[in-house]
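So the chains spell out like this:
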Amino acid sequence: LGAVPLQMARTQKNKATAHHLGLLKARLAKLRRELITPKGGGGGGPGEGFDVAKTGDARIGFVGFPSVGKSTLLSNLAGVYSEVAAYEFTTLTTVPGVIRYKGAKIQLLDLPGIIEGAKDGKGRGRQVIAVARTCNLILIVLDVLKPLGHKKIIENELEGFGIRLNSKPPNIGFKKKDKGGINLTATCPQSELDAETVKSILAEYKIHNADVTLRSDATADDLIDVVEGNRVYIPCIYVLNKIDQISIEELDIIYKVPHCVPISAHHRWNFDDLLEKIWDYLKLVRIYTKPKGQLPDYTSPVVLPYCKTTVEDFCMKIHKNLIKDFKYALVWGSSVKHNPQKVGKDHTLEDEDVIQIVKK
C-alpha cells in the first residue's frame, strides 16, 4: 500500500498529470477496500466485544486518541462505569451507555482509541471503524492542548474507511450499462474532471460502459466515492475536552470553530451545550401518540430519523401489521394546516406532531 501514495507524492500536479493522479487515487481506494473487507477463506471469528447490538433511537460513537478523556465524558454523561486510569490505552473494548434526552433513547459507544494507521489495518482500528460506520453521529473527542494534530489524523483515518464527515453525497449520477461506452454529461463547468480522467478512473474498476452525470464541480475523489458506493455520510461534532487548562481568551477563539463544543468532562462543564448540539445534529423527529378519546401521551414519543418521517414509517416503527389495517390518520401539529387533519400514509410528519391512527 505504501508504494501508491509515494507515487502520488512524486507526481507533479498539473493538467497533464490529472488523470494519472485520478488513476492512482482509484487504485488506492480499491486497495483500501480490500483491507476493510478481507477476502474470504480461513475462518477467523469477529473481534471480541465489538459487535454491539443497536438499541435506542440513535447511536453516537465517541472517537479519539487514548487519554483525551473519552471514558470520563461517557461515564459523566451516561453514568457508565468504564475503567478510567491515567495511562494510555485504558479502554480496549466497546462500552455502550444509554442516555435519555428529550424523550429519545440515545446509545453512546466509546470506540477505543484509534491508533494512527488503523485504515492500513494496524491495531484494532478495523473493528473500531466498522462500528463507527453504523453511528448516526460521531463525536471526535480532542485534547484542547493538542487538538489540531489529532483532529487531522482521526479525520484521515475515518476518511480512509469511507466515512465522510459533515458532508453530503457528491451530486453525481452514475449508472452502469451493458454497452455504449462511457457517456459523460456535465451540467456545470468542471475544474478537475475531464472525459479522459473519468474514463481512466472507471477503467481501473473495469467499468467500460456507463452514464456519468456531473451536476456539480466534482473532484476525482467524488467520482471514486460514487463508484465505490460504500461511503457513509455522518455528521460530526468536535468535542474539545480539558478546557479547565486554558485561558478565557483561548476559549473565545475555540467557540468560533465550526462543529465544535468545548467542555470539561472531569468538571462536567458545558454538558448542556453539548447535548443541545448533539440533538441538533441528530435531527430526530418525535411523534406523540393519541389513543381515541384520550389525551396525547407526551411521556414516551415515537422517535423517527429525519429521513423517514412519513405516517407509514411511523406505523412500521410500531408494528408492521399496523399498516395493513390502516385506514387514515388524524394529525395535530406543524406538518398540517388544520388541527386535526385527516392524512394518508404518505403524509410527512414533523417534530412533536400528535397522531391518532384510525384502523379499517
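Conventions adopted
Residues numbered from 1 in each chain as written. Predicted model: local features only at pLDDT ≥ 70, side-chain atom pairs only at ≥ 80, totals over all residues. Heavy atoms only, no water. Salt bridge = Lys/Arg side-chain N within 4 Å of Asp/Glu carboxyl O. Helix = DSSP H or I, 4+ residues; strand = E, 2+ residues; numbered from the N terminus. Buried < 20%, exposed > 50% of the residue type's maximum accessible area, 1.4 Å probe, protein only. Contact = heavy atoms within 4.5 Å. Pairing = 2+ DSSP bridges. Axes fitted to C-alpha atoms, helices over the stretch in contact; angles between N-to-C directions. Core = buried A, V, L, I, M, F, W, Y, C linked by side-chain atoms within 4.5 Å. Arc of directions from axis to C-beta.

As annotated in an unreviewed UniProt entry, the chain carries the name Developmentally-regulated GTP-binding protein 1 and is attributed to Loxia leucoptera.

A. Quick peek at the pattern of salt bridges. Using the criterion set out here, one finds 14 salt bridges in the structure. Between Glu 204 and Lys 30 there is a salt bridge whose closest N-O contact spans 3.3 Å. One end of the pair, Glu 204, is in helix 6 (residues 195-204); the other, Lys 30, is in helix 2 (residues 18-36), with 174 residues separating them in the sequence. Connected through shared salt-bridge partners, Glu 159, Arg 164, Asp 225 and Arg 231 make up one network.

B. Expanded view of the side chain of Ser 264. Positionally, Ser 264 belongs in the loop between strand 11 (260-262) and helix 9 (271-282). Residue classification places Ser 264 among the buried residues on the basis of a relative accessible area of 1%. When near neighbours in sequence (up to four residues on either side) are disregarded, Ser 264 contacts Asn 241, Lys 242, Ile 243, Asp 244, Trp 269 and Phe 271.

C. Here's a closer look at the sheet that holds strand 6 (residues 172-176). Taken in spatial order, the 3 strands make up an open sheet running 6-8-7, and their pairing is mixed. The open sheet has two edge strands, strand 6 and strand 7 (182-186), and neither has a second partner. For this sheet, the mean inter-axis angle between neighbouring strands, taken without regard to orientation, is 5°. Relative to strand 8 (residues 210-214), strand 7 runs parallel, the two sharing 5 bridges.

D. Layout of the sheet that holds strand 15 (residues 341-343). Spatial strand order, 13-12-16-14-15: 5 strands in an open sheet with mixed pairing. Of all strands in the sheet, those bounded by a partner on one side alone are strand 13 (297-305) and strand 15. Adjacent strand axes in the sheet meet at a mean angle of 40° when their direction is disregarded. Where strand 12 (residues 284-289) and strand 13 come together, 5 bridges link them in antiparallel fashion. Note on strand 13: the bridge partner recorded for Leu 284 is Pro 305. In the packing of helix 10 (residues 311-318) onto the sheet, the strands contacted are strand 12, strand 13, strand 14 (326-332), strand 15 and strand 16 (353-359), and the crossing angle to strand 13 comes to about 110°.

E. Spatial organisation of unusual backbone geometry. Asn 339 connects to Pro 340 through a cis peptide bond whose omega is -10°. Look at Lys 206: it is not a glycine, yet its phi comes out positive at around 55°. Within the fold, Lys 206 resides in the loop between helix 6 and strand 8. For Glu 352, which is not a glycine, the phi torsion comes out positive at approximately 65°. Summarising the element assignment, Glu 352 is placed in the loop between strand 15 and strand 16. According to the relative accessible area criterion, Glu 352 is partly exposed, its value standing at 41%.

F. Structural detail: the nonpolar core. Membership of the largest hydrophobic core comes to 53 residues, with the highest contact counts inside it found for Ile 60, Phe 62, Leu 73, Ile 138 and Ile 140. Sort the elements by how many residues they give to this core and helix 9 lands first, with 7 residues. The residues contacting Ile 138, other than those within four sequence positions of it, are Gly 61, Val 63, Ala 132, Ile 163, Leu 165, Ile 234, Pro 235, Cys 236 and Ile 237. If you look at the next biggest cluster of nonpolar residues, it comprises 18 residues, including Leu 193, Val 198, Val 212 and Ala 218.

G. The arrangement of the pairing of strand 14 in detail. Alignment of strand 14 against strand 16, held across 6 bridges, turns out to be antiparallel. Each bridged residue has a counterpart across the sheet, and for Leu 330 the counterpart in strand 16 is Gln 356. Where strand 14 and strand 15 come together, 3 bridges link them in antiparallel fashion. Of the residues in strand 15, the one forming a bridge with Leu 330 is Lys 342.

H. The arrangement of helix 10 in detail. Those residues of helix 10 lying buried are Val 311, Phe 314 and Cys 315. Here the buried residues of helix 10 occupy an arc of 95° about the axis, which is enough to place them on one side.

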